[in-house]
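Here's the letter readout for the chains.
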Amino acid sequence: MMKNPVTISLRILLPLTVLAFTYLIVILALNSFNDYKPEDAAIKRSHSAEAHDTVFQGTYSMLSWNIGYGGLNKNADFFYDGGSMVFPGKQEYKHSIDQIFKQLHSFDSISFILLQEIDTASARSYYTNQYQNISSRLNNHHGVFVKNYDVSFVPVPLFKPLSRVTSGFSLFSIYRAAEIRMTVFPGKFPWPRQLFMPDRCFMTCSYVTGSGKYLHIIHTHNSAFDNGTLREQQINLLNQHMELLYARGDYVIAGGDWNINPPGYKNTPFLSGDTAFEVSFSGQYKPGGKDWTIAFDPQYPTNRDVSTQYVPGHTPATIIDFFVCSPNIDVVRVETLHDGFLHSDHQPVYLRFKLNNQFKTNGL
């Protein structure tokens, strides 16, 4: 007797449907149970002059670089941006991250180093503790790590999931800070997507200066892959925070990966020959008012499109890594260290600055 084709199909599809539903429930339950929820916190607070350094009038250097966890070199076409790669082969990853470590070691004389996308226990970077590796190479610096991405299991793509991700960002400084604080940004992606996305925050490292004022270095890594709503909330909070610190008469520099173009960005081809693209953002970004300085190098891009491998002159690129400086900071030089996106989808941005005496006191 011939079996009914509908019956056969149901016998096949029903177990598969139950299996898929069970898989989904387990993933949601696992990530809900282990959901990382950062809170505003003082990471370090020093009440003794012996426990922190004094920053005097002079010229200082700063560098910001999103190292892309060593997995987004010039050959990468990342699946989340429309490419196909989830993470690189182990040997390719090892080569990229070793080259990044070597380059960071050459930055050992830079006063302040801001790094984003540092993995500490992620499948995509073969569970390398990159923060420990970087700390051992920047042995003239005092480092602090803030976790902003901790997901037990990212289930996409379906047949080669991103899996475990533990990552964050760091500030390395030649000087010991008097205080370090983490501040959580408002807003989240809708549930359940929020279970699989980074929990964005920023850190403020405060250094005592010779005048008794503070130099506040704010390190941020703002949201990507949203419609601009989250970034607008984040920018508003950063602006309020920067203005408050400056109103006390302190020095303020904010830097990192903003995931927006800086004011003054022109969507024209770069000196490197790379074509340009704009990062869509609906908010109005005017940090600190007209006397504040937006420091970026317009000649070279800091970030490239990762939907395909990088081809100089053909792959679209943009600027989303920059610095915002209060009026009592003199920008001496800002330069993108163009390396053709060799080991990361971002290029390092270098800033040289001085502290001046244009203090703002009591909001006046």
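Above this note sits the structure.
Residues numbered from 1 in each chain as written. Predicted model: local features only at pLDDT ≥ 70, side-chain atom pairs only at ≥ 80, totals over all residues. Heavy atoms only, no water.

Colleague: Looking at this structure, I do not really get the packing of aromatic side chains. What am I missing?
Modeller: For any pair of aromatic rings, the description rests on two quantities: the centre-to-centre distance and the angle between the ring planes. With the rule as written, the count across this model stands at 17 aromatic pairs. Both rings, one in phenylalanine 112 and one in tyrosine 207, keep their centres 5.2 Å apart while their planes meet at 65°; by these two values the pair is edge-to-face. Here tyrosine 207 lies in strand S8 (residues 201-209) and phenylalanine 112 lies in strand S4 (residues 112-119), a separation of 95 residues in the sequence. Like phenylalanine 112, the residue tyrosine 207 is buried in the burial classification. Between tyrosine 246 and tryptophan 292, the aromatic rings sit 5.5 Å apart at their centres with planes inclined by 80°, giving edge-to-face as the arrangement. Placement of the pair is tyrosine 246 in helix H4 (residues 229-247) and tryptophan 292 in the loop between strand S10 (251-257) and strand S11 (293-295), with a sequence separation of 46 residues. Taken individually, tyrosine 246 and tryptophan 292 each receive the classification buried, so the pair is uniform in this respect. In textbook terms, an aromatic cluster arises when at least three aromatic residues are bridged by ring pairs, as seen for Tyr60, Phe112, Tyr175, Tyr207 and Phe353. One Lys or Arg, lysine 147, reaches over the ring of tyrosine 36 and ends 4.4 Å from the middle of that ring. Over the aromatic face of phenylalanine 87 sits the side chain of lysine 160, whose NZ or CZ is 5.2 Å from the ring centroid. (Phe/Tyr/Trp six-rings, centres within 6.5 Å; stacked < 30°, edge-to-face > 60°. Helix = DSSP H or I, 4+ residues; strand = E, 2+ residues; numbered from the N terminus. Buried < 20%, exposed > 50% of the residue type's maximum accessible area, 1.4 Å probe, protein only. Lys NZ or Arg CZ within 6 Å of the ring centre and 35° of its normal.)

Colleague: When you look at the sheet that holds strand S15 (residues 329-336) in this model, what are you seeing that I'm missing?
Modeller: Backbone-to-backbone hydrogen bonds pair the strands of a sheet. The strands run either parallel or antiparallel. Across the sheet, which stays open at both edges, the six strands sit in the order S5-S6-S4-S3-S16-S15 with mixed pairing between neighbours. Here the strands that pair on one side only, and so sit at the sheet edges, are strand S5 (142-154) and S15. With direction set aside, neighbouring strand axes in the sheet form an average angle of 15°. Two elements, S5 and strand S6 (residues 163-173), share 10 bridges in a ladder whose sense is antiparallel. Residue pairing in the sheet places lysine 147 in a bridge with glycine 168 of S6. Together, S4, S5 and S6 form the strand contacts of helix H3 (residues 130-137), whose direction differs from that of S4 by roughly 155°. (Pairing = 2+ DSSP bridges. Axes fitted to C-alpha atoms, helices over the stretch in contact; angles between N-to-C directions. Contact = heavy atoms within 4.5 Å.)

Colleague: Can you walk me through the nonpolar core in this structure?
Modeller: As a rule of thumb, nonpolar side chains are buried together in soluble globular proteins. Counting residues in each nonpolar core, the largest one holds 28 residues, and the members touching the most others are Met62, Phe112, Tyr207, Leu215, Ile217, Ile253 and Phe353. The next biggest cluster of nonpolar side chains, apart from the first, holds 22 residues, and it includes Leu238, Met242, Phe296 and Phe341. (Core = buried A, V, L, I, M, F, W, Y, C linked by side-chain atoms within 4.5 Å.)

Colleague: Would you take a moment to explain the side chain of aspartate 345 for this structure?
Modeller: Position of aspartate 345 among the secondary structure elements: in the loop between S15 and strand S16 (349-355). One buried charged residue, aspartate 345, remains without a salt bridge, the closest side chain of opposite sign being arginine 304 at 6.5 Å. Sequence-distant contacts of aspartate 345, that is, excluding residues within four places in its chain, are made with Gly68, Leu72, Thr302, Asn303, Arg304 and Val306. (Lys, Arg positive; Asp, Glu negative; His and termini not counted. Salt bridge = Lys/Arg side-chain N within 4 Å of Asp/Glu carboxyl O.)

Colleague: Is there a simple way to explain the side chain of arginine 304 in this structure?
Modeller: You can see arginine 304 is positioned in strand S12 (residues 303-304). One buried charged side chain, arginine 304, makes no salt bridge at all; its nearest oppositely charged neighbour is aspartate 305, positioned 5.9 Å away. At a separation of 2.9 Å, a polar atom in the side chain of arginine 304 contacts the main-chain carbonyl oxygen of asparagine 73. A distance of 2.9 Å separates a polar side-chain atom of arginine 304 from the backbone oxygen of threonine 308. Arginine 304 has contacts with Asn73, Lys74, Asn75, Ala76, Phe277, Gln309, Tyr310, Thr315, Pro316, Ala317, Phe341 and Asp345, leaving out every residue within four places of it along the chain. (Polar contact = N/O pair within 3.5 Å; in protein donor to acceptor, adjacent residues only side chain to side chain.)

Colleague: What's the story with the pairing of S16 in this structure? I'm lost.
Modeller: Working note: regular strand, side chains alternate between the two faces of the sheet. Judged by how many residues are buried, S16 sits mostly within the fold: five of seven residues are covered. Examined bridge by bridge, strand S3 (residues 59-66) and S16 share six bridges and lie antiparallel to one another. Bridge assignment links methionine 62 to a residue of S16, and that residue is leucine 351. Bridging between S15 and S16 involves seven bridges; their strand directions are antiparallel. Considered in S16, the bridge of glutamate 335 is made with tyrosine 350.

Colleague: Just to check I follow, could you spell out unusual backbone geometry for this structure?
Modeller: Proline 157 follows valine 156 through a cis peptide bond whose omega is -10°. For proline 157, the position within the fold is in the loop between S5 and S6. If you check the backbone angles, tyrosine 69 has positive phi at about 50° while not being a glycine. Relative to the assigned elements, tyrosine 69 resides in the loop between S3 and helix H2 (90-105). Owing to a relative accessible area of 2%, tyrosine 69 belongs among the buried residues under this scheme.

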